[in-house]
Amino acid sequence: MDDVPKQLFIAGAWADAADGVTMPVDDPATGEILCQVADAGPKDARLAEDAAVQAQREWARTAPRARSEILRRAYEIILSRTDELAALMTSEMGKPLAEARGEVAYAAEFFRWFSEEAVRIDGGYGVLPDGRNRMVLGRRPVGPCLLITPWNFPLAMGTRKIGPAIAAGCTMVLKPAPQTPLSSLALAGILKEAGLPDGVLNVVTTSRAGEVCEPLLRGGRIRKLSFTGSTQVGRLLLAQCADAVVRTSMELGGNAPFIVFDDADLDVAVDGAMVAKMRNMGEACTAANRFFVHRTVAEEFARRLADRMGALVVGPGTQDGVDVGPLIDGAGRAKVEELVADAVERGARVLVGGSTPEGPGCFYPPTVLTDVDPGSRLMATEIFGPVAAILTFEDEDEVVRRANDTPWGLVGYVFTEGMDRAFRVGERLEVGMVGLNTGLVSNPAAPFGGVKQSGLGREGGRVGIEEFLEFQYLAVPVR
Ligand code: NAP
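Predicted, not measured: the structure shown is a model, and the values here were computed from it.

(A) Broad picture of the nonpolar core. Among the nonpolar cores identified, the biggest contains 66 residues, and F258, I259, F291, F301, L305, L378 and Y413 are the most heavily contacted of them. Considering every element that reaches this core, the biggest residue donor is helix α9 (residues 266-278), with seven residues. Taken domain by domain, the makeup of this core includes at least three residues from each of domain 1 (8-252 + 454-475) and domain 2 (256-443). Those residues in contact with F291, other than ones at most four positions away along the chain, are F258, A273, K277, F301, A388, A389, I390 and L391. Core analysis: the second largest hydrophobic core is formed by 59 residues, C35, V37, A167 and L185 among them.

Spelled out as structure tokens, the structure:
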């Protein structure tokens, strides 16, 4: 912990906040303060923005190969430090070490993927319909970006934005979530070591997100916002971006349906449910939120899921053998408790879990609820915790209608042995991503993102870099 940077990273240098303020970083497994980090104010944000604006011109002219190699070196450094980065992430966020190691690999992969994309930015040439004019299409970086990330995947949400921004030739200011600033600061140190020029990435840790970000979004120098977080905050930021017509990518909340048909392989479905529900203790935008299980298999599915959930070991993420760490903070746990209490009041049965353990830390046990009333609050709210809420259905049309009956549309999961049905239902779901007989869709090589109020744009995949590029068309008449 001592050698982890705790200051702001501006123009390639570490600095205290201008007014000297710091903020605590807590360990969610104990509730104790791990350390203090710089708590930036608007003045610091302005300095970070200045650095990004100043570096933009030169950075945009850097050879794509040079940008690619910086990312590749950073990818290798991250992997070589897997254990220390995982330990850091677990200490500030709580996830078990094995999951944190998995996230380090996932996060690094965005840098490898975009190191490969940096050298494949293409343009175009064409003869226009009049036969006389020629069209030359070039690609240019969109310009200085503001990147805002949540706490649930402290490293990967950063690399998923920083990777394509670097590859495209954009400079940036990163504002990580206040609960998990350390992973982002460590990442900045790694990129500096990998040769990233000063000012290309600036990191501003703060407990005053609104004060720090709003002037940047309204000021006209930041040309792009890439945000991952809740739909509520995303909406607010979209409005702030309107003034200066800032381009946006929004990765927002979800309310994923997890559908199990009567012809599903229940072993596969339960395995899928464990991943879709329990990855990151349920604190994932992709987490299965509403389980719709065909009436004829619902009891068996619920029993098997409850057995598996009940066997998970809950405890501090640093301890060997622990499967489920603490939730991020007291507020996160209180929300889960309220949602479960509301469902139980409306008639849900608790098969396993359902009550908060005594003692320090923000722990909540893996919980399975059946006979959930469709009017329960957890049907219309991201649970963001280890709670599986099971409802039954009778037929395909009905379940598709109920699955789509939400303003969100990030991901859906479908379990069936019927190929036709898998495609048919998958295509009818109003979501950006579908897991067919799998509980995991995230992959740096695939476009991640949602429809409806789950977001705008995609991260990762071939299209991930497009979010950071503009077209420029040159009209050339040929006489
Ligand atoms: P959040 O409250 O929306 O916060 C996300 C980030 O936005 C944090 O850094 C937060 O900082 C910042 N923020 C909040 N208000 C702001 C403002 N007025 N101006 C500028 N920044 C502001 O979400 P969260 O609780 O951290 O994360 C959970 C949410 O993220 C869930 O809804 C989840 O579904 C979503 N998520 C989506 C994806 C995806 O790819 N679709 C991936 C992961 C998570 P402060 O905390 O200081 O306010």
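Further notes follow.
(B) Fine view of the pattern of salt bridges. Considering all chains together, one arrives at 35 salt bridges under this definition. Note that R112 and E109 form a salt bridge whose closest N and O atoms lie 3.1 Å from each other. Remark: E109 and R112 occur in helix α4 (residues 97-118); sequence separation between them is three residues, near one turn of the helix. D397 is the salt-bridge partner of R428, the closest N and O atoms lying 2.9 Å from each other. Of the two residues, R428 sits in helix α13 (residues 419-428) while D397 sits in helix α12 (residues 396-404), which places them 31 residues apart along the sequence. For D397, a relative accessible area of 48% puts it in the partly exposed group. Overlapping salt bridges, with partners in common, bring together D262, D263, E396, R421 and R424 in one network.

(C) The arrangement of the environment of V260 in detail. Of note, V260 is situated in strand β12 (residues 256-260). According to the relative accessible area criterion, V260 is buried, its value standing at 0%. In the structure, V260 is positioned 13 residues away from A273 in sequence and 9.7 Å away in space, judged by C-alpha atoms.

(D) Quick peek at the site of the ligand. Taken together, the neighbourhood of the ligand is formed by 29 residues, with T149, R160, S230, L252 and E382 sitting nearest. Between an oxygen atom of the ligand and a side-chain N or O atom of K175, the distance comes to 3.0 Å. A distance of 2.8 Å separates a nitrogen atom of the ligand from a polar atom in the backbone of L252. Here the ligand loses 86% of its free accessible area of 890 Å² to cover by the protein chains. Elements with a minimum of two residues in the shell around the ligand: α5 (156-168), α7 (209-218), β10 (224-228) and α8 (231-242). Each of domain 1 (8-252 + 454-475) and domain 2 (256-443) contributes no fewer than three residues to the shell around the ligand.

(E) Examining the side chain of S184 more closely. Tracing the chain through its elements places S184 in helix α6 (residues 181-193). Overall, the relative accessible area of 3% leaves S184 in the buried class. Dropping the residues within four chain positions of it, S184 is found in contact with P154, L174, P176 and V203.

(F) Focus on the sheet that holds strand β5 (residues 124-127). Pairing in this open sheet of three strands is antiparallel, and the strands run β5-β6-β22 from one edge to the other. Here the strands that pair on one side only, and so sit at the sheet edges, are β5 and β22 (469-477). Between one strand axis and the next, the sheet turns through 20° on average, direction left out of account. Pairing of strand β6 (residues 133-141) with β22, which is carried by nine bridges, proceeds in the antiparallel orientation. Looking across to β22, one finds that R134 is bridged to V476.

The rules behind the values
Residues numbered from 1 in each chain as written. Predicted model: local features only at pLDDT ≥ 70, side-chain atom pairs only at ≥ 80, totals over all residues. Heavy atoms only, no water. Core = buried A, V, L, I, M, F, W, Y, C linked by side-chain atoms within 4.5 Å. Buried < 20%, exposed > 50% of the residue type's maximum accessible area, 1.4 Å probe, protein only. Helix = DSSP H or I, 4+ residues; strand = E, 2+ residues; numbered from the N terminus. Domains from an automatic or database assignment. Contact = heavy atoms within 4.5 Å. Salt bridge = Lys/Arg side-chain N within 4 Å of Asp/Glu carboxyl O. Near = heavy atom within 4 Å. Polar contact = N/O pair within 3.5 Å; in protein donor to acceptor, adjacent residues only side chain to side chain. Areas by Shrake-Rupley, 256 points an atom, 1.4 Å probe, with all protein chains shown as cover. Pairing = 2+ DSSP bridges. Axes fitted to C-alpha atoms, helices over the stretch in contact; angles between N-to-C directions.

Geometry only, nothing functional implied.
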